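Here is how the chains run, residue by residue.
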Amino acid sequence: MIFCRKFKNALAAVILCLLPLATACAEEVQALAAKPLMIHTANGVIMFQTEMAFSPQDQARGLMYRKELATNKAMLFVFDEIREASFWMENTLVPLDMLFIDETGKIVHVHKMAKPLDRSPIPSGQPVKAVLEILGGEADKQGIKVGDTIDPALFKSE
């Protein structure tokens, strides 16, 4: 009986120590809450609900381990500075189209149908401010091309 009481007290202490960590994780998930993002194309405006990846931790995790991505969902990686970027698909389970975007919001490169679980580098080809990942095949389906634009105000972390 004494052992059970000590075990319960120890378990309660562990739970109390983990509560702040659980709160921090919930806040991190909330920080990636989806924001609307519009791509202005020759065919009109296309809307995506977009998770914003500003921190190095969010950018490192990206869309890894997700078993699906809806056609209207996306993730926007925003860099602190304009730079050449290179992505890969390690631990990414769904094919993606990657839209490389300059500081003005213009799409400067589209990499279509990045292969899941592939470690081959996917370079931007020039300095960029952001990369938008959408479900593979959506760029063609929606008519998204180099020269289309997004609102560069989305580059601000607020």
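For clarity, every value in this text was computed on a predicted model and none was experimentally measured. (Residues numbered from 1 in each chain as written. Predicted model: local features only at pLDDT ≥ 70, side-chain atom pairs only at ≥ 80, totals over all residues. Heavy atoms only, no water.)

**Some points on the overall build of the chain**
Per the secondary structure count, the chain includes three helices and eight strands. Ordered by position from N to C terminus, the α and β elements of the chain give α-β-β-α-β-β-β-β-β-β-α. By the burial criterion, 36% of the 158 residues in the chain qualify as buried. Nonlocal contacts in the chain, meaning residues at least 24 apart in sequence, comprise 70% of its contacts between residues at least 6 apart. When the accessible surface of the chain is summed, it comes to about 9,400 Å², and 60% of that surface belongs to carbon and sulfur atoms. (Helix = DSSP H or I, 4+ residues; strand = E, 2+ residues; numbered from the N terminus. Buried < 20%, exposed > 50% of the residue type's maximum accessible area, 1.4 Å probe, protein only. Contact = heavy atoms within 4.5 Å. Areas by Shrake-Rupley, 256 points an atom, 1.4 Å probe, with all protein chains shown as cover.)

**Points about the pattern of salt bridges**
Opposite charge on two side chains lets them pair, provided their charged atoms get close. Tallied over the entire structure, the rule returns five salt bridges. Two residues, R66 and E51, come together in a salt bridge whose shortest N-O distance is 2.6 Å. With R66 in the loop between α2 (56–61) and β3 (73–83) and E51 in strand β2 (residues 44–53), this pair connects stretches of sequence that are 15 residues apart. The class for E51 is buried, based on a relative accessible area of 17%. Residues E138 and K141 are paired through a salt bridge, measuring 3.8 Å at the closest nitrogen-oxygen approach. (Salt bridge = Lys/Arg side-chain N within 4 Å of Asp/Glu carboxyl O.)

**Some points on the nonpolar core**
Core analysis: the biggest nonpolar cluster contains 20 residues, and I39, L76, L99, I101, L132, I134 and I144 have the highest contact counts within it. If you list the elements that add at least two residues to this core, you get β1 (35–41), β2, β3, β5 (96–101), β6 (107–114) and β8 (128–135). (Core = buried A, V, L, I, M, F, W, Y, C linked by side-chain atoms within 4.5 Å.)

**Side note on the confidence of the model for the chain**
Overall, the prediction assigns the chain a mean pLDDT of 84, with 78% of residues at 70 or greater. Note on residues 11–31: pLDDT under 50 across the span, and three contacts to partners over four residues away in sequence or across chains. (pLDDT = per-residue confidence, 0-100.)

**Regarding the pairing of β3**
The sheet contact formed by β2 and β3 spans five bridges and is parallel. The partner of A53 across the bridge, within β3, is F77. Bridging between β3 and β8 involves six bridges; their strand directions are antiparallel. From the neighbouring strand, F77 faces β8, where its bridge partner is V131. (Pairing = 2+ DSSP bridges.)

**Digging into the sheet that holds β3**
Within the open sheet, the six strands sit side by side as β1-β2-β3-β8-β5-β6. Their pairing is mixed. Only two strands of the sheet have a single neighbouring strand rather than two, namely β1 and β6. On average, adjacent strands in this sheet sit at an angle of 30° to one another, irrespective of strand direction. (Axes fitted to C-alpha atoms, helices over the stretch in contact; angles between N-to-C directions.)

**Quick notes on the environment of T50**
For T50, the location among the structural elements is in strand β2. Along the backbone, T50 and A33 are 17 residues apart, and their C-alpha atoms lie at a distance of 7.9 Å. The contacts of T50, once residues within four sequence positions are left out, are A33, A34, K35, L37, A74, M75, L76 and L132. Of the polar contacts made by the side chain of T50, one reaches the backbone oxygen of F48; its length is 3.4 Å. (Polar contact = N/O pair within 3.5 Å; in protein donor to acceptor, adjacent residues only side chain to side chain.)

**Brief notes about the side chain of D97**
Considering the arrangement of structural elements, one finds D97 in strand β5. In this structure, D97 is buried with no salt-bridge partner, the nearest side chain bearing the opposite charge being K112 at 7.3 Å. At a separation of 2.7 Å, a polar atom in the side chain of D97 contacts the main-chain amide nitrogen of M113. Within the local environment of D97, its side chain forms a polar contact with the backbone nitrogen of G137, the two atoms lying 3.0 Å apart. If sequence neighbours within four positions are ignored, D97 has contacts with H111, K112, M113, L132, E133, I134, L135, G136, G137, E138, A139 and D140. (Lys, Arg positive; Asp, Glu negative; His and termini not counted.)

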